[in-house]
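What follows is each chain in one-letter form.
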There are 2 protein chains.
Amino acid sequence: MEKIVYMDNNATTRVDPKVVEEMMPFYSQFYGNPSSMYSFAGIAGNKLKKARAKVAALIGAQPEEIIFTSCGTESDSTAIYSALNSNPEKKHIITTRVEHSAIKNLFESLSRKGYKVTFVPVDKMGRLDLDTLYNSLDDHTAVVSVMWANNESGVTFPIEEIARVVKKRGIIFHTDAVQAIGKIPVDVNMAEVDMLSVSGHKIHAPKGVGALYVRKGTKFSPFLIGGHQENGRRGGTENVASIIGFGKAAELAAHHLAQMQTQVSFLRDKLERGLLKHIPHAKVNGDPKMRLPNTTNIGFDYVEGEAILLMLNELGICASSGSACTSGSLEPSHVLRAMGVPFTSAHGSIRFSLSRYSTEHEIDEVIEKVPPIINRLREISPFWADTENLEKGYCSAQ
Amino acid sequence: MEKIVYMDNNATTRVDPKVVEEMMPFYSQFYGNPSSMYSFAGIAGNKLKKARAKVAALIGAQPEEIIFTSCGTESDSTAIYSALNSNPEKKHIITTRVEHSAIKNLFESLSRKGYKVTFVPVDKMGRLDLDTLYNSLDDHTAVVSVMWANNESGVTFPIEEIARVVKKRGIIFHTDAVQAIGKIPVDVNMAEVDMLSVSGHKIHAPKGVGALYVRKGTKFSPFLIGGHQENGRRGGTENVASIIGFGKAAELAAHHLAQMQTQVSFLRDKLERGLLKHIPHAKVNGDPKMRLPNTTNIGFDYVEGEAILLMLNELGICASSGSACTSGSLEPSHVLRAMGVPFTSAHGSIRFSLSRYSTEHEIDEVIEKVPPIINRLREISPFWADTENLEKGYCSAQ
């Protein structure tokens, strides 16, 4: 395997070697089941407790407000079903048009089961239409779920304000903060969310572990029914090593948060400027101000995103079109469509997402290698030929 | 940490170092998201594919019949909800009185939601009352779920026969085979089950990964709704490293299966004989013939199981009373109660469960150390004093 330039950190991240180091003793050495009563198992149990405190600390929560799950998707399902079970008579639910498939597909499934779903739109910059959101709140609304930051555009939503308005109406508010934690400050003391989903593998912990924050006092019913684990709130033997890794990753994420706003943000901006400078007919998708510091989503007109990715892949550059969880589909991203990005541009949009491991050298490499790729692809694009001719004053119909 | 004697392998197992070795490259080196389109992520994707084939092979299934989950509990919930969704008009469900809490608590919860639940009893040996099971099958039965092997007593049920009878009635049959795989042959070509749950951490893979076998052609609806992972059958980024570890563990389990029937079974028998020989008023709970080769559950009359475990713990011996998933409760195990084990004995029942790592030296140590513990505890037990007096011909009331 040659060296790769990994620019797809919103899809998943490299597990920090310090995280792996923390996990290692809990495979073959301290492998007890935390539910067991002997001291040997208590070693795992105690470390689990510390991990819970660390994940809680990252979002300003209390340890007992954290329920460990297997992923962001499970956290989301747990939150939504719990909210619905708490309000069995309410059949209206609200979310946005740009959610991750964990919420989007769940709400679409609930819609088929008889729930009335409001999908709140976004504008061309990917900003949420708050008026529509607030006007759709009514006495039948069981839950509102709005993501904290969009995985594709990186655009962030004003969760603190939204939570305040939704809570004032006495409605349960959930946010999918999977892409937000570790990148921007997320604090449940500032944002009155009832429930908040996070995932380990977006912050340099392993895949297969997530958590749901449930504010003290929130009515809760478990999604995974079984043993008494997680204080009776999630059955199943705890994923001990990965939870311990998640704890360490949360600690490191808190430590590196400032670096996101400085170093990572600087590199992202450099990348964006470099690409826009060298490539005509390219533009950033999404609000350039209210945005994650690590993400840029750039639309290159008249080329196919899949073709760009294929050529980037040959050079060892990892980026994505749309979300990893929906890739493989030939449809342009539902997020970009919701933003009204034109078809010609949505198809050729590429997301670059950085991490604290990204280097300036890598950025320079991407700035150097992407423009010739776009040029080559445009040369073989019939749409581009038309554009060129139009710009030169020719009529392509001739 | 002093050396421990680990006799609680039905609670969880040591991760085989060969398993850890397979997992390691997928944390900080090949950390791509298998859903991503570039070659770097394909490395994880390909290895995942191989792991799926290995887990499938352990139970005689096809790779595409395996859905990876986060644990046995999730596998169980996935199976049962899928069966119910496939038969929305049928409101009768059947299980046994001795299931693991993943099924027991789920069925109790469904009972509160309006389902009629038949809990099939067992006899004193822990054997299932097949007549009751078969007679309770009717046209309203949506699903039958019977565990393959009991986690506490080790007693195995005739799944091949049960599956045949249930399937003949056109009813969906699920089995929780979490305790069976790796200990006895489990083959979906011999047993006509529709769905079968397994878990990694009972066969020396890490905690936090399981799988559900779904026979080709079985109607299925996902429990975790989200991305297109697992062929659209389970949303959420795959737990790549742990799944790869599960694959390796499945391969090793197949390799070591014969050893379970010989070496491990021999050690279990030696342990059982040794304890029964040196301790009066002790007896094995459960059918000594139809039983897992690694498990013995022994009732010591007139002592408290918790007290025994506490004293064993001080000697570094790990065993359990009841299931790890219900321990901490002061109630005697629901499994032993279902078997009609008398109160005096059920309270003092201890499960020893061995693995391929168990040594004869460890067995000798347990045989040496347990009898004095039971003696000491009986000396301070008022019930025991009565018994002693009764045996000597005194009347304790005097």
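Residues numbered from 1 in each chain as written. Chains lettered and ligands numbered in written order. Predicted model: local features only at pLDDT ≥ 70, side-chain atom pairs only at ≥ 80, totals over all residues. Heavy atoms only, no water.

### Remarks on the overall build of chain A
Here is step 1 of the chain: A tally of regular secondary structure across chain A gives 14 helices and 12 strands.
Here is step 2 of the chain: For 398 residues, the compact-globule estimate of 2.2 N^0.38 gives 21 Å, and the C-alpha radius of gyration of chain A, at 22 Å, lies within 12% of that figure.
Here is step 3 of the chain: Seen along its three principal axes, the alpha-carbon backbone of chain A occupies a region of about 80 × 50 × 30 Å.
Here is step 4 of the chain: A buried classification covers 64% of the 398 residues belonging to chain A.
Here is step 5 of the chain: If you sum the accessible surface of chain A, you get close to 14,900 Å²; carbon and sulfur atoms cover 54% of it.
Here is step 6 of the chain: Here chain A contributes 44 positive and 44 negative side-chain charges, whose respective centroids are spaced 4 Å apart. (Helix = DSSP H or I, 4+ residues; strand = E, 2+ residues; numbered from the N terminus. Rg over C-alpha atoms; globule rule 2.2 N^0.38 Å. Buried < 20%, exposed > 50% of the residue type's maximum accessible area, 1.4 Å probe, protein only. Areas by Shrake-Rupley, 256 points an atom, 1.4 Å probe, with all protein chains shown as cover. Lys, Arg positive; Asp, Glu negative; His and termini not counted. Charge placed at Lys NZ, Arg CZ, Asp CG, Glu CD.)

### A word on the side chain of B:Thr175
Here is step 1 of the chain: Among the secondary structure elements, B:Thr175 is positioned in strand 6 (residues 172–176).
Here is step 2 of the chain: From its side chain, B:Thr175 meets the backbone oxygen of B:Val146 in a polar contact 2.7 Å long. (Polar contact = N/O pair within 3.5 Å; in protein donor to acceptor, adjacent residues only side chain to side chain.)

### As for the domain arrangement of chain A
Residue and element names in this part refer to chain A.
Here is step 1 of the chain: As far as domains go, chain A holds domain 1 (17–255) and domain 2 (257–392).
Here is step 2 of the chain: For domain 1 and domain 2, the distance between their C-alpha centroids amounts to 29 Å.
Here is step 3 of the chain: The three residues of domain 1 that bury the most area against domain 2 are Glu152, Lys183 and His204, which together make up 29% of that side's buried surface.
Here is step 4 of the chain: If you look at where domain 1 meets domain 2, you find zero salt bridges.
Here is step 5 of the chain: Per-element tally for the side of domain 1 that touches domain 2: the top contributor is helix 9 (residues 240–278), with four residues.
Here is step 6 of the chain: Of the residues in the side of domain 1 that touches domain 2, the class split is 12 nonpolar, 12 polar and eight charged. (Domains from an automatic or database assignment. Buried area = accessible area lost by both parts, 1.4 Å probe. Salt bridge = Lys/Arg side-chain N within 4 Å of Asp/Glu carboxyl O. Nonpolar A, V, L, I, M, F, W, Y, C, P; charged D, E, K, R; others polar.)

### Section: the relation of the copies chain B and chain A
Here is step 1 of the chain: Take chain B, turn it by 180°, move it 0.0 Å along the axis, and it overlays chain A with an RMSD of 0.0 Å. In the structure described here, the two chain copies are related by an operation that fits a two-fold rotation axis. Looking at the rotation axis and the C-alpha trace of chain B, the residue lying nearest is B:Ser70, at 3.0 Å.
Here is step 2 of the chain: In this assembly, 100% of the residues forming the interface of chain B have copies in chain A that are likewise at the interface, indicating an isologous arrangement. (Least-squares fit on C-alpha atoms with pLDDT ≥ 70 in both. Contact = heavy atoms within 4.5 Å.)

### Quick look at the interface of chain B and chain A
Here is step 1 of the chain: Taken together, the 65 residues of chain B in the interface contact 66 residues of chain A.
Here is step 2 of the chain: Between chain B and chain A lies a buried interface of about 5,200 Å² when both sides are counted; carbon and sulfur atoms form 62% of it.
Here is step 3 of the chain: For the pair chain B and chain A, the interface holds zero salt bridges.
Here is step 4 of the chain: In this structure, the connection of chain B to chain A is made through 21 residue pairs in polar contact (both at pLDDT 80 or more).
Here is step 5 of the chain: Looking at the side of chain B that touches chain A, the elements with two or more residues in it are helix 1 (17–23), helix 2 (25–28), helix 3 (39–58), helix 4 (72–86), helix 5 (101–112) and helix 10 (305–314) of chain B.
Here is step 6 of the chain: Tallying contributions element by element places helix 5 of chain B first for the side of chain B that touches chain A, with five residues.

### Some details on the layout of surface pockets
Here is step 1 of the chain: A volume near 1,100 Å³ is recorded for the largest pocket.
Here is step 2 of the chain: Around the largest pocket, the lining is made up of 39 residues, and of these A:Tyr81, A:Asn85, A:Lys113, B:Tyr81 and B:Lys113 lie nearest the centre.
Here is step 3 of the chain: Within the residue set of the lining of the largest pocket, elements represented by two or more residues are helix 4 (72–86) and helix 5 (101–112) of chain A together with helix 4 and helix 5 of chain B.
Here is step 4 of the chain: By residue class, the composition of the lining of the largest pocket is 17 nonpolar, 14 polar and eight charged. (1 Å grid on protein atoms, 1.4 Å probe; cavity = no way out; pocket = protein on both sides within 12 Å on 5 of 7 lines; lining within 4 Å. Points joined across faces, edges and corners; volume = space filled by probe spheres on them.)

### Describing helix 5 of chain A
Residue and element names in this part refer to chain A.
Here is step 1 of the chain: For helix 5, built from 12 residues, the straight-helix expectation of 16 Å at 1.5 Å per residue is met to within 8% by its first-to-last C-alpha distance of 16 Å.
Here is step 2 of the chain: Those residues of helix 5 lying buried are Ser101, Ala102, Ile103, Leu106, Phe107, Ser109 and Leu110.
Here is step 3 of the chain: Buried residues belonging to helix 5 abut helix 4, strand 3 (92–96), strand 4 (116–120), strand 5 (141–145) and strand 6 (172–176).
Here is step 4 of the chain: Looking one or two places after helix 5, you find Gly114, whose phi comes out positive at around 110°. (Expected span 1.5 Å × (residues − 1).)

### Some thoughts on the packing of aromatic side chains
Here is step 1 of the chain: In this structure the tally under the stated criterion is 15 aromatic pairs over all chains.
Here is step 2 of the chain: Their ring planes at 75° and their centres at 5.0 Å tell us that B:Tyr31 and B:Phe40 sit as a pair that is edge-to-face.
Here is step 3 of the chain: Following the ring pairs from residue to residue traces out a cluster consisting of A:Tyr6, B:Tyr31, B:Tyr38 and B:Phe40.
Here is step 4 of the chain: Against the face of A:Tyr357 rests A:Arg356, its NZ or CZ located 5.8 Å from the ring centre.
Here is step 5 of the chain: The ring of B:Tyr357 has B:Arg14 lying over it, and the distance from NZ or CZ to the ring centre is 4.9 Å. (Phe/Tyr/Trp six-rings, centres within 6.5 Å; stacked < 30°, edge-to-face > 60°. Lys NZ or Arg CZ within 6 Å of the ring centre and 35° of its normal.)

### Concerning helix 4 of chain A
Here is step 1 of the chain: The terminal C-alpha atoms of helix 4 of chain A lie 21 Å apart, and with 15 residues this matches the ideal 21 Å at 1.5 Å per residue to within 8%.
Here is step 2 of the chain: When you tally the buried positions in helix 4 of chain A, you get 13 out of 15 residues, the bulk of the element.

### Points about the environment of A:Val335
Residue and element names in this part refer to chain A.
Here is step 1 of the chain: Positionally, Val335 belongs in helix 11 (residues 334–338).
Here is step 2 of the chain: For the pair Val335 and Asn151, spaced 184 residues apart in the sequence, the C-alpha separation amounts to 9.2 Å.
Here is step 3 of the chain: Once you skip the residues sitting within four places of it in the chain, Val335 turns out to touch Val98, Asn150 and Glu152.

### Brief notes about the sheet that holds strand 9 (residues 282–284) of chain B
Residues and elements named next belong to chain B.
Here is step 1 of the chain: Judged by pairing direction, the sheet is antiparallel, and its three strands sit side by side in the order 9-10-12 without closing on themselves. Edge positions in the sheet fall to strand 9 and strand 12 (349–353), since each of these pairs with one other strand and no more. Ignoring which end each strand starts from, the neighbouring axes of this sheet average 25° apart.
Here is step 2 of the chain: Where strand 9 meets strand 10 (residues 295–300), three bridges bridge the pair, whose relative direction is antiparallel. For Lys283, the partnering residue across the bridge sits in strand 10 and is Gly299. (Pairing = 2+ DSSP bridges. Axes fitted to C-alpha atoms, helices over the stretch in contact; angles between N-to-C directions.)

### Digging into the packing of helix 9 of chain A against helix 13 (residues 360–379) of chain A
All names here are of chain A.
Here is step 1 of the chain: Between helix 9 and helix 13, the shortest axis-to-axis distance is 9 Å and the interhelical angle comes to 15°. Considered as vectors, helix 9 and helix 13 are oriented roughly parallel to each other. For the crossing formed where helix 9 meets helix 13, the hand is right-handed. Between helix 9 and helix 13, the residues in contact are Phe266, Leu267, Lys270, Leu271, Gly274, Leu275 and His278 and Glu360, Ile363, Asp364, Val366, Ile367, Val370 and Pro371, respectively. (Parallel < 35°, antiparallel > 145°, perpendicular 65-115°, else oblique. Left-handed = near helix turned anticlockwise from the far one by under 90°.)

### Here we look at the pattern of salt bridges
Here is step 1 of the chain: In total, this model carries 38 salt bridges over all chains according to the counting rule given.
Here is step 2 of the chain: Its salt-bridge partner being A:Glu230, residue A:Arg52 comes within 2.7 Å of it at the nearest N-O pair. Of this pair, A:Arg52 sits in helix 3 (residues 39–58) while A:Glu230 sits in helix 8 (residues 229–232), placing them 178 residues apart in sequence. Of the two residues, A:Arg52 and A:Glu230, both sit in the buried class.
Here is step 3 of the chain: Among the salt bridges present, the one from B:Glu272 reaches B:Arg291, with a minimum N-O distance of 2.7 Å. With B:Glu272 in helix 9 (residues 240–278) and B:Arg291 in the loop between strand 9 and strand 10, the pair connects residues that are 19 residues apart, well separated along the chain.
Here is step 4 of the chain: A relative accessible area of 10% places B:Glu272 in the buried class.
Here is step 5 of the chain: For B:Arg291, a relative accessible area of 8% corresponds to the buried category.

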